[in-house]
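Now for the letters of each chain:
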Amino acid sequence: MELLYMKIAVDAMGGDYAPEETVLGAIDAVQTDDIEVVLVGDETRLRALLKEYGAAQQSRISIVHASEVIEMHEHPAQAIRKKKDASILVATRLVKEGRCDAVVAPGSTGAAVSAALLGLGRIKGIERPCIATPLPSKKGITVLLDSGANANSKPKHLLEGAIMGAHYAKYILGIADPLVGLLNIGEEASKGNDLCQRTYPLLEHLKTISFYGNVEGRDIPNGTVDVVVCDGFVGNVILKFGEGMALFIIKLVKDAIRHGGWLAKLGALAVYPALKSLKKRLDFTEYGGAPLLGVNGSFIICHGSSKAKAIKNAIRIASEFVEKDVVGHIRKSIEEEQVEQYNEQ
């Protein structure tokens, strides 16, 4: 009896290190998990890489040819309209047609979001899908959304994000009753700009989430809540600042050891396991990718500079997303909360 594996479509041509690192990540993924990977891109180039890496006969990796690729520097909307056979569009089409279960998309975030909206559409009641990014915190993981899909949000969009983020935290991170906070400049309900003040009462009345109230920037690493909701402009600034700060801290530690003399180097040997653990917690590749929540399908967006490790973990996250039917749970809650009534918000 032939085993049926979950099938993940991967845009093999998107990103700074594609397709080499993408292919390596796919090879690692099928060796670790019971899944299939469909690499989408230049078939000749991808077959040559599989042969080079000793995986030409790997039965759980297949290729679907795409003759075009959307580069990082291209305008997403224009490129999507112009390049009909772009790898990200072909990968998304495989899910739309039911030939694959999920998409993993390294490369241009804008192109990925546009491809998902065009190819999969929105969940009924969702006006603006958003990107949910897991960030390390004192208590484990804090989910930040939106982290870049929408630069100009309305209260309804933050309400949608709160519902979707809570379900991501529950079903993927295993948090039974996630606490949701609204990012603001103070804890009081009256604080903040017009967007925050209008969003707060909407979140208070939701039935399917546990709303904590306002939280501040320092609450994100402190793990005060499990899910932090904000507009995509602010969320992306926080995400990029956090990535830069993590790299800066690691560099400071390395420089201090390098220039601290033999005592510092001896001490570093003693605390090496702790330093290694710290680096792992701050490394975005451990989380693989961030789901685009609100589209009619499982869609994982990877960092543009993703290498094999991040690709492998993104494929794993994609399979978990499908297995736990996160899209179905979101769809049910959106209907239960009757989110469409907030269309004017």
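Cut-off values and rules
- Sequence order as written defines residue numbering, which begins from 1 separately in each chain.
- Restriction of local features to residues with pLDDT of at least 70 applies here, the model being predicted, together with a cutoff of 80 or more for giving and counting side-chain atom pairs; totals for whole chains, interfaces and linings are based on all residues.
- In computing side-chain values, all of the structure's heavy atoms are included and hydrogens and water are not.
- UniProt positions are given in the numbering used here, feature names are shortened, and annotations may be inferred rather than shown by experiment.
- The secondary structure listing takes helices from DSSP runs of H or I that are at least 4 residues long and strands from runs of E that are at least 2 residues long, numbered from the N terminus.
- Computation of the radius of gyration draws on C-alpha atoms alone. For the globule rule, the value is 2.2 Å times the number of residues to the power 0.38.
- Two residues qualify as a contact provided that any one of their heavy atoms is within 4.5 Å of a heavy atom in the partner residue.
- The accessible surface values rely on the Shrake-Rupley method and a 1.4 Å probe; as for residues, cover is taken only from the protein chains in view.
- Positive charges come from Lys and Arg alone, negative charges from Asp and Glu alone, with His and the N- and C-terminal ends not counted.
- Lysine's charge is taken at NZ, arginine's at CZ, aspartate's at CG and glutamate's at CD.
- Classification of ring pairs uses Phe, Tyr and Trp, with its six-membered ring standing for Trp, and accepts pairs whose centres are within 6.5 Å; under 30 degrees between planes counts as stacked, over 60 as edge-to-face, and the remaining range as tilted.
- Categorising residues by exposure relies on relative accessible area from a 1.4 Å probe, with only protein chains included: less than 20% of the type maximum marks a residue as buried, more than 50% marks it as exposed, and the intermediate range marks it as partly exposed.
- The criterion for a charge sitting over a ring is simple: Lys NZ or Arg CZ within 6 Å of the ring centre, and within 35 degrees of the ring normal.

The name an unreviewed UniProt entry assigns to the protein chain is Phosphate acyltransferase, from the organism Megasphaera hutchinsoni. The Subcellular location (unreviewed entry) field of the UniProt record for the protein chain holds the comment "Cytoplasm". Regarding the protein chain, the relevant UniProt record gives this comment under Sequence similarities (unreviewed entry): "Belongs to the PlsX family."

Before going further, it helps to examine the overall build of the protein chain. The helix and strand inventory of the protein chain stands at 13 helices and 12 strands. The C-alpha radius of gyration computed for the protein chain amounts to 21 Å, which stays within 12% of the reference 20 Å derived for 345 residues, consistent with globular compactness. With the principal axes as the frame, the protein chain shows a C-alpha extent of 60 × 60 × 45 Å. Expressed as a percentage of contacts within the protein chain between residues at least 6 apart in sequence, the contacts between residues at least 24 apart total 74%. When the accessible surface of the protein chain is summed, it comes to about 16,500 Å², and 53% of that surface belongs to carbon and sulfur atoms. For the protein chain, the distance from the average site of its 40 positive side-chain charges to the average site of its 42 negative ones is 3 Å.

So, about the packing of aromatic side chains. Under the criterion given, the structure shown has two aromatic pairs. With a centroid separation of 6.3 Å and an interplanar angle of 40 degrees, the aromatic rings of Tyr 168 and Phe 321 are classed as tilted. You can see Tyr 168 sitting in helix 6 (residues 155-171) and its partner Phe 321 sitting in helix 12 (residues 308-323), a full 153 residues away along the chain. With a centroid separation of 5.1 Å and an interplanar angle of 75 degrees, the aromatic rings of Tyr 200 and Phe 211 are classed as edge-to-face. Highlighted residues: Tyr 200 in helix 7 (residues 194-204) and Phe 211 in strand 9 (residues 210-215), separated in sequence by 11 residues. Its relative accessible area of 13% is what places Tyr 200 among the buried residues. For Phe 211, a relative accessible area of 18% puts it in the buried group. For Arg 60, the ring lying beneath its charged end belongs to Tyr 5, and the centroid distance is 4.8 Å.

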